[in-house]
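# Examining the three-dimensional arrangement
Read off the chains here:
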Amino acid sequence: MSFQAAYQKPLPQILPETAGFWEATRRHELVVQQCAACGQRQYFPRLLCHRCLSDDLAWAPVSGQGVVYSFTIIRQVLHASFAPDVPYVYAIVELAEGVRLIANVVGIAPEQVRVGLPVKVVFAEVTPEVSLPQFEPV
Amino acid sequence: MSLRGGSAIIGYGETVFAKAKHSAGRSPLGEQCTAARLALADAGIAKDEVDGLVAIGPLDHGPSWSMDLAEYLQLRPSFLDTPYFGGAAGNAGILHAAAAIQAGLCRTVLLVGGSVSQPGPPAPHGVEDSVSFERDFDTIFGPMGDNSAYALIKRRYQHEFGAGEEGFAQVVVNARRHAARFANALLTTPVTVEDVLNSRMICDPLRMFEIVMPCTGAAALVLTSAERARDVRQRPVYLLGGGQAIDRGMWTPAYGREASLTTSPIKRSAASAFAMAGLTAADLDFLQLYDCYTITVIVALEDVGCCAKGEGAEFVARTDLSSTGTLPVNTDGGQLGRGQPYGACHFLPVIEASRQLMGRAGALQVADARFGLANGNGGAMANQCTLILGNEIP
Ligand SMILES: [Zn+2]
């Protein structure tokens with residue numbers, strides 16, 4: 001059985017402007033876009049810099065270290081494919097570099113999660129093409 | 001050119017709200033046509049006088065809804081709009097209509113919205129229909145739609161300001177207290193703070209009673225030029241000021257590097273509205289705040305300027321927000337007390353403001369009300385549209 005057949009949850013579509021991000025997560029690296037013209041870092045990946053509109057963007061590695069900015073515990077799901085995981089943590093993580101992203105916090109009982117909890121990125125290899133960034137306590 | 005005093009609400013109508021399980025045989029077109037008929041009758045305006053239409057369709061209908069409704073009602077408007085960005089869309093539609101009236105594109109605009117609620121879980125928007133960046137960088141992590149978005153905001157708020165649960169629960173207590181005395185409300189059983197805290201945890205830290213119940217219903221109102229409003233049946237309710245502001249995309253609170261989760265764009269939309277009206281928060285006799293979740297009321301009271309940032313929950317807990325209180329809020333019961341008919345809910349704050357300013361709120365009338373605020377909130381607080389209304393032009 002392939003990864004793809006086993007994984008029932010929604011998957012990202014790989015677009016020209018996001019392919020570099022997903023190529024990096026497959027190598028277990030977390031990257032954000034950095035603008036060569038103005039230095040702005042941004043997440044999620046875009047076709048241009050949201051600050052100065054330059055399209056001269058490069059992939060910049062980030063530490064993968066951050067803190068839980070906010071979170072909730074999902075007990076009822078919208079998308080049935082997540083049902084086996086409840087309760088699970090859906091969170092905003094603020095990276096040390098200042099970028100915020102949505103991810104799950106794993107490797108900890110949901111009731112133990114707190115705002116400000118230091119976390120680091122880990123990667124869930126869900127299909128041959130896609131490894132999702134997740135976060136676990138440092 | 002300012003919109004101050006250039007147009008007025010002269011009538012409104014609502015269908016009888018119903019829970020999803022009691023909605024058999026009702027349709028979005030039927031709901032909206034009924035609300036439209038009631039609003040025109042209330043205003044004393046003949047159908048043929050309507051030359052503008054602002055219509056908000058059900059979530060699963062595209063932006064051609066206003067054209068389809070015009071066909072169904074055989075209207076021939078010279079101004080059409082289908083504002084389509086969540087709960088701020090109703091007030092935004094009023095701003096668009098007011099601007100069109102003052103620009104001479106039309107004179108009398110019918111505004112209507114509503115839908116039919118289906119039994120079962122809410123439509124999973126944010127899953128199938130989202131834009132690419134929500135689909136690819138949010139949905140894959142299993143959010144619970146609006147619930148998880150507002151839960152993230154409430155959690156962050158409680159963290160930043162050390163707010164407990166009492167103020168949030170008091171928002172529900174106030175809503176239910178008003179709803180119990182309002183004719184067209186579905187959640188009419190009064191509750192205590194303890195009842196709210198004992199209601200089931202749905203999406204931490206959001207409990208069941210803090211979350212709106214979707215329902216069936218439609219609402220409509222009629223906006224016309226101030227000149228035309230001089231000679232109508234009801235006391236005109238003038239649009240004195242308005243503003244809209246956004247700081248993020250529709251559903252994901254994570255994005256937008258500059259955006260705070262706990263200071264909303266109401267700060268800007270309300271500032272614009274007050275500046276246009278030449279009034280301040282101290283001049284308000286009441287506020288009608290879009291309350292799909294308790295957190296919206298608390299943040300709105302802060303960002304409108306009724307209390308300091310971070311003090312909203314405590315402010316709610318120690319202030320009488322009832323129709324006879326020191327600061328009446330959501331005097332019809334709000335959506336937390338009435339239910340949320342999608343599309344109609346966008347117009348409920350401005351309709352209750354009109355009801356109060358026309359002096360037609362009966363047992364829930366705010367004494368001597370002259371000026372009030374109606375706020376619309378869309379996309380997990382990302383999009384805000386604030387109106388200041390008055391029964392006189394100061
Ligand atoms: Zn740039």
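Read on for a plain summary of the structure.

## Brief notes about the overall build of chain B
- Within chain B, the regular secondary structure consists of 12 helices and 12 strands.
- A compact globule built from 394 residues would reach a C-alpha radius of gyration of about 21 Å, and chain B, at 19 Å, matches this within 12%.
- By principal-axis analysis of the C-alpha atoms, chain B measures approximately 55 × 45 × 40 Å.
- Taken over 394 residues, chain B has a buried fraction of 65%.
- A sequence separation of at least 24 residues applies to 78% of the contacts in chain B between residues at least 6 apart.
- Accessible surface, chain B: about 13400 Å² in total, of which carbon and sulfur atoms supply 52%.
- One way to put it: in chain B the 31 positive side-chain charges average out to a point 3 Å from where the 39 negative ones average out.

## A word on the pairing of strand β8 (residues 131–137) of chain A
All names here are of chain A.
- Of all 7 residues making up β8, 5 are buried, and the element is well covered by its neighbours.
- Across 7 bridges, the pairing between strand β7 (residues 118–125) and β8 is antiparallel. Its bridge partner being in β8, K120 is matched across the sheet by E136.
- The hairpin turn running from β7 into β8, its antiparallel successor, is 5 residues long.

## A few points about the environment of C203 of chain B
All names here are of chain B.
- For C203, the position within the fold is in strand β6 (residues 201–203).
- With a relative accessible area of 0%, C203 lands in the buried category.
- C-alpha of C203 to C-alpha of L152: the two residues are 51 residues apart in sequence and 9.3 Å apart in space.

## Details of the nonpolar core
Residues and elements named next belong to chain B.
- Within the largest apolar cluster, 162 residues are counted, with the highest numbers of intra-cluster contacts made by L110, L301, V350 and L389.
- The leading source of residues in this core is helix α3 (residues 89–103), at 8 residues.
- For L110, the contacting residues outside a window of four places in its chain are A36, L40, V50, G52, L53, V54, L73, L75, A220, L221 and V222.
- Counting 5 residues, the second largest nonpolar core, distinct from the first, contains A169, V173, V191 and V196.

## Observations regarding the coordination of the zinc ion
All names here are of chain A.
- For the zinc ion, the full set of protein donor atoms is C35 (SG), C38 (SG), C49 (SG) and C52 (SG), and the range of their distances to it is 2.3 to 2.4 Å.
- Around the zinc ion, the 4 donor atoms sit at angles spanning 102 to 115°, and that spread fits a shape best called tetrahedral.
- In the primary sequence, the donor residues of the zinc ion line up as C-x2-C-x10-C-x2-C.
- Residue classification places C38 among the partly exposed residues on the basis of a relative accessible area of 28%.

## Thoughts on a nonpolar patch on the surface
Residues and elements named next belong to chain A.
- Residues L47, L48 and L53 make up a contiguous nonpolar surface patch of roughly 310 Å² in combined accessible area.
- Here L53 shows up in the loop between β2 (41–42) and β3 (57–61).
- The exposed category is assigned to L53, whose relative accessible area is 58%.

## Quick notes on the packing of helix α1 (residues 28–43) of chain B against helix α2 (residues 65–73) of chain B
Residues and elements named next belong to chain B.
- Where α1 contacts α2, the axes come no closer than 11 Å and their chain directions differ by 70°. The angle between the axes of α1 and α2 places the two elements in the roughly perpendicular class. The chirality of how α1 crosses α2 is right-handed. Where α1 abuts α2, its residues P28, L29, Q32, C33 and A36 lie against W65, L69, Y72 and L73.
- Among the residues forming the contact of α1 with α2, the class breakdown is 8 nonpolar, 1 polar and no charged.

## Some details on empty space enclosed by the protein
All names here are of chain B.
- For the structure shown, the criterion picks out 5 cavities of 30 Å³ or more.
- Of the volumes computed, that of the second largest cavity is approximately 60 Å³.
- What lines the second largest cavity is Q288, L289, D291, N330, D332, G334, Q335, L348 and P349.
- At the level of elements, β10 (286–289), α11 (334–338) and α12 (348–357) are the ones that each hand at least two residues to the lining of the second largest cavity.

Rules and cut-offs
- Residues numbered from 1 in each chain as written.
- Chains lettered and ligands numbered in written order.
- Predicted model: local features only at pLDDT ≥ 70, side-chain atom pairs only at ≥ 80, totals over all residues.
- Heavy atoms only, no water.
- Helix = DSSP H or I, 4+ residues; strand = E, 2+ residues; numbered from the N terminus.
- Rg over C-alpha atoms; globule rule 2.2 N^0.38 Å.
- Buried < 20%, exposed > 50% of the residue type's maximum accessible area, 1.4 Å probe, protein only.
- Contact = heavy atoms within 4.5 Å.
- Areas by Shrake-Rupley, 256 points an atom, 1.4 Å probe, with all protein chains shown as cover.
- Lys, Arg positive; Asp, Glu negative; His and termini not counted.
- Charge placed at Lys NZ, Arg CZ, Asp CG, Glu CD.
- Pairing = 2+ DSSP bridges.
- Core = buried A, V, L, I, M, F, W, Y, C linked by side-chain atoms within 4.5 Å.
- Donors = N, O, S within 2.8 Å, 3.2 Å for Na, K, Ca; no water.
- Tetrahedral: all angles 85-135°; square planar, octahedral: opposite > 155°, others 65-115°.
- Patch = residues over 30% accessible without salt bridge, like charges linked within 9 Å, V, L, I, M, F, W, Y side chains within 5 Å.
- Salt bridge = Lys/Arg side-chain N within 4 Å of Asp/Glu carboxyl O.
- Axes fitted to C-alpha atoms, helices over the stretch in contact; angles between N-to-C directions.
- Parallel < 35°, antiparallel > 145°, perpendicular 65-115°, else oblique.
- Left-handed = near helix turned anticlockwise from the far one by under 90°.
- Nonpolar A, V, L, I, M, F, W, Y, C, P; charged D, E, K, R; others polar.
- 1 Å grid on protein atoms, 1.4 Å probe; cavity = no way out; pocket = protein on both sides within 12 Å on 5 of 7 lines; lining within 4 Å.
- Points joined across faces, edges and corners; volume = space filled by probe spheres on them.

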